[in-house]
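Working through the structure, step by step
In case you want the letters, here they are:
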Amino acid sequence: MEQPKIIIAIDGFSSCGKSTIAKQLSVALGYKYIDSGAMYRAITLYFLRHSVGFYHHGSVVDALQHVNLSFEYNPDRQASDILLNEENVSLEIREMPVSNKVSEVAAIKEVRLFAVEQQQKMGIMKGIVMDGRDIGTVVFPQAELKVFMTADPAVRVLRRFHELYEKNNQITIDEVRHNLELRDYIDSTREESPLKRAKDAILLDNSNLTPEEQLNKVLGWVQQRTGNLQAAEIG
Ligand code: CDP
């Protein structure tokens, strides 16, 4: 009997390794992986390129009508690239100009409604792992498995610094630390869908876990959930 497919929601602070585990799970389980943060980053890129006033309701609503987001599987990364109006912006959205503004944009109610509606449609068929800040609380409150990730702040800063330094050797640790602290603060204190642990989310601190150890842990939880579903189906 084929394993029933579930929805896996992964939330947590910046640079906790959410996308690493999400990608590992999608490869191991044959699930679709959606990086919801990439959507907020691509919207931010559009706003920056078109000088949209973040705090002007009419401008935001109007701009969103011109934003078309889609995902395209990239076999080299074993994950999807994001397209903004058909342009592949996967690399540009990771750069500092977008990182410095994305949390302000993601706090705007209209932006969230726009993104969440699309995210929910992607989960209709299940077999999906999505990472972000509000996946277990708002996007998929019914998800069968919710994981809330955390890691030591110093570990997170170093991980992100090394990642960014590969592409830009002008970047400094202080700049990265400041960006992570600011985003975590805005994301956790905003009015709309703040980052918080869903009551039924399992806490995963991966400061001292290797990628393989964290995958095995989460796969165990997946197995439990799908096993429960199977048992319920058999009745
Ligand atoms: O990779 P990292 O964890 O640093 O960030 P990300 O997942 O790319 O998300 C970038 C930003 O988008 C976050 O700092 C949040 O402001 C916002 N975001 C959100 O509000 N809700 C989500 N579901 C995902 C991201």
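The structure under discussion appears in the preceding block.
Right, let's talk about the overall build of the chain for a bit. When you go through the chain residue by residue, the secondary structure sums to 10 helices and 8 strands. A globule of 235 residues ought to have a C-alpha radius of gyration of about 18 Å, and the chain, at 18 Å, matches this closely. With the C-alpha coordinates aligned to their principal axes, the bounding extent of the chain is approximately 55 × 40 × 35 Å. Going through the 235 residues of the chain one by one, you find that 49% of them count as buried. When the accessible surface of the chain is totalled, it reaches about 12,000 Å², and 52% of it is carbon and sulfur.

For helix H10 (residues 211–234), with 24 residues, the first-to-last C-alpha span of 34 Å sits near the 34 Å given by 1.5 Å per residue. For H10, the set of buried residues is Gln 214, Leu 215, Val 218, Leu 219, Trp 221, Val 222, Thr 226 and Gln 230. In this structure, the buried side of H10 is in contact with strand E1 (7–12), helix H1 (18–29), strand E7 (145–150) and strand E8 (202–205).

This brings us to the site of the ligand. If you check the shell around the ligand, you find 20 residues, and the closest are Arg 41, Asp 134, Arg 183, Asp 187 and Arg 190. One of the side-chain N or O atoms of Asp 187 is found 2.6 Å from an oxygen atom in the ligand. In the complex, the protein chains occlude 96% of the 540 Å² of accessible area that the ligand would expose alone. Here the ligand is seated within the largest pocket.

The subject of this paragraph is the environment of Asn 228. Among the structural elements, Asn 228 can be located in helix H10. A sequence separation of 224 residues divides Asn 228 from Pro 4, and the C-alpha atoms of the two residues are 9.7 Å apart.

Quantified by volume, the largest pocket comes out at close to 1,000 Å³. Around the largest pocket, the lining comprises 45 residues; the ones closest to its centre are Ser 19, Asp 35, Arg 94, Arg 160 and Glu 163. A per-element tally of the lining of the largest pocket places helix H2 (residues 36–49) first, with 5 residues. Taken together, the residues that form the lining of the largest pocket break down as 13 nonpolar, 14 polar and 18 charged. There is about 160 Å³ of room inside the second largest pocket. As for the second largest pocket, its lining consists of Leu 91, Arg 94, Glu 95, Met 96, Leu 164, Lys 167, Asn 168, Ile 171 and Glu 175.

How each quantity is defined
- Residues numbered from 1 in each chain as written.
- Predicted model: local features only at pLDDT ≥ 70, side-chain atom pairs only at ≥ 80, totals over all residues.
- Heavy atoms only, no water.
- Helix = DSSP H or I, 4+ residues; strand = E, 2+ residues; numbered from the N terminus.
- Rg over C-alpha atoms; globule rule 2.2 N^0.38 Å.
- Buried < 20%, exposed > 50% of the residue type's maximum accessible area, 1.4 Å probe, protein only.
- Areas by Shrake-Rupley, 256 points an atom, 1.4 Å probe, with all protein chains shown as cover.
- Expected span 1.5 Å × (residues − 1).
- Contact = heavy atoms within 4.5 Å.
- Near = heavy atom within 4 Å.
- Polar contact = N/O pair within 3.5 Å; in protein donor to acceptor, adjacent residues only side chain to side chain.
- 1 Å grid on protein atoms, 1.4 Å probe; cavity = no way out; pocket = protein on both sides within 12 Å on 5 of 7 lines; lining within 4 Å.
- Sits in = over half its atoms within 2 Å of the grid points.
- Points joined across faces, edges and corners; volume = space filled by probe spheres on them.
- Nonpolar A, V, L, I, M, F, W, Y, C, P; charged D, E, K, R; others polar.

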